[in-house]
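Structural features, examined
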Amino acid sequence: MADDPHATWTSVDTYLTSALGLSDETVERALTNQREAGLPEINVSAPQGKQLALIAQSIGAKKILEVGTLGGYSTIWMARALPADGQLITLELDEHHATTARASVEQAGLGSVVEVIQGPALETLERLKAEGAGPFDLAFIDADKVNNANYFKAALAMSRPGSVIIVDNVIRNGAVTDLESADTAVQGVHALNSYVASESRVSATTIQTVGNKGYDGYLMAVVQH
Ligand code: SAH
Ligand code: DHB
Ligand code: MG
């Protein structure tokens, strides 16, 4: 273990990605496109992307909802786990991010499976709900953290019993333990946790993680019968 734990976590992610053959040309191209387009490198890691794909596969997901597209890296991981008649709807505020993601999704051959909807996700979710979209078998929430609880509620409203809802970045380098935090992202996690704890329609847990993204974690919820 090196002195710098973050360096060790990054090396281990690199090792695992190689040892398990996690990455491939398609997802790497999305990362290259994202970098060339000047987007921030805040996508999930390859091990995390693979885990999202495995979760989608293990529940036989046919419809996936994503909140926070960025360059479409996590989008492509999940969309590839769908059957040919599957559907993934991903919501992105930033026009340039959405355009970049659409190009990478096309290059990945997933243009007919993935729909990138540009706009504030809260508004798009309201519209989707009104249109009777879903039910989504899997939702991945990874956008502006302050709205975590609102996104979770919207995902729950478009779910069915057995649907899985995952929320990224809910540990924040341990800052979640500061109940007085002035960080709106931390406050967003607190709001999410108190909502999830009070909502009898879901059963949930949170797992702490380390890796090239630092010390963070994700919440996983299953919609109950
Ligand atoms: N899921 C992506 C990373 C998403 S980063 C991946 O792992 O590859 C978070 C994204 O959420 C950014 O692209 C940001 O522009 C977007 N975002 C921020 N606020 C938003 C909002 N109100 N509605 C929709 N997207 C938003
Ligand atoms: C940020 C956002 C993410 O979704 C993430 O996984 C890491 C960082 C950010 O906004 O900095
Ligand atoms: Mg994230």
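See above for the structure.
A short tour of the structure in this document, coming up. Since this is a predicted model, take the numbers as computed values, not measurements.

1. Topic: the overall build of the chain
Scanning the chain from terminus to terminus reveals eight helices and seven strands. Relative to the 2.2 N^0.38 estimate, which gives 17 Å for 225 residues, the radius of gyration of the chain is 17 Å and therefore close to what a compact globule would have. If one aligns the C-alpha atoms of the chain with their principal axes, the spans along those axes are about 50 × 45 × 30 Å. Of all intrachain contacts in the chain linking residues separated by at least 6 positions in sequence, the fraction that spans at least 24 positions is 70%. As presented, the chain carries roughly 10500 Å² of accessible surface, and 52% of it is formed by carbon and sulfur atoms. In the chain, 15 side chains carry a positive charge and 27 a negative one; their mean positions are 7 Å apart.

2. Remarks on the site of ligand 2
Inspection of the region around ligand 2 gives I42, D142, K145, D168, N169 and K213 as its neighbouring residues. A distance of 2.6 Å is found between an oxygen atom of ligand 2 and a side-chain nitrogen or oxygen belonging to D142. Between N169 and ligand 2, the recorded distance is 2.8 Å, taken from a side-chain N or O atom to an oxygen atom. Protein chains shield 64% of the accessible area of ligand 2, which is 290 Å² for the free molecule. For ligand 2, the cavity whose grid points lie within 2 Å of the majority of its atoms is the largest pocket. By residue class, the composition of the shell around ligand 2 is one nonpolar, one polar and four charged.

3. Remarks on the pattern of salt bridges
The final tally for this structure, using the stated rule, is eight salt bridges. Of the charged contacts, one joins D137 and R160 as a salt bridge, the two residues approaching to 2.9 Å between their closest N and O atoms. A residue pair is termed long-range when its members are at least 10 positions apart, and D137 in the loop between α6 (121-130) and β4 (138-141) and R160 in the loop between α7 (148-157) and β5 (164-168) qualify at 23 residues. According to the relative accessible area criterion, R160 is partly exposed, its value standing at 27%. Residue K145 pairs with D142 through a salt bridge whose shortest N-O separation is 2.9 Å. For K145, a relative accessible area of 12% translates into the label buried. For D142, a relative accessible area of 14% translates into the label buried.

4. Let's talk about the site of ligand 1
In the neighbourhood of ligand 1, 22 residues make up the surrounding shell, with G68, S74, E92, H97 and D142 lying closest. Separating an oxygen atom of ligand 1 from a backbone N or O atom of V44 is a distance of 2.9 Å. With respect to ligand 1, the side chain of D142 contributes an N or O atom lying 2.8 Å from a nitrogen atom. Protein chains shield 89% of the accessible area of ligand 1, which is 580 Å² for the free molecule. When atoms are counted within 2 Å of each cavity's grid points, the one that captures over half of ligand 1 is the largest pocket. For the shell around ligand 1, the elements supplying multiple residues, two or more each, are α4 (73-79) and β2 (87-92).

Cut-off values and rules
Residues numbered from 1 in each chain as written. Chains lettered and ligands numbered in written order. Predicted model: local features only at pLDDT ≥ 70, side-chain atom pairs only at ≥ 80, totals over all residues. Heavy atoms only, no water. Helix = DSSP H or I, 4+ residues; strand = E, 2+ residues; numbered from the N terminus. Rg over C-alpha atoms; globule rule 2.2 N^0.38 Å. Contact = heavy atoms within 4.5 Å. Areas by Shrake-Rupley, 256 points an atom, 1.4 Å probe, with all protein chains shown as cover. Lys, Arg positive; Asp, Glu negative; His and termini not counted. Charge placed at Lys NZ, Arg CZ, Asp CG, Glu CD. Near = heavy atom within 4 Å. Polar contact = N/O pair within 3.5 Å; in protein donor to acceptor, adjacent residues only side chain to side chain. 1 Å grid on protein atoms, 1.4 Å probe; cavity = no way out; pocket = protein on both sides within 12 Å on 5 of 7 lines; lining within 4 Å. Sits in = over half its atoms within 2 Å of the grid points. Nonpolar A, V, L, I, M, F, W, Y, C, P; charged D, E, K, R; others polar. Salt bridge = Lys/Arg side-chain N within 4 Å of Asp/Glu carboxyl O. Buried < 20%, exposed > 50% of the residue type's maximum accessible area, 1.4 Å probe, protein only.

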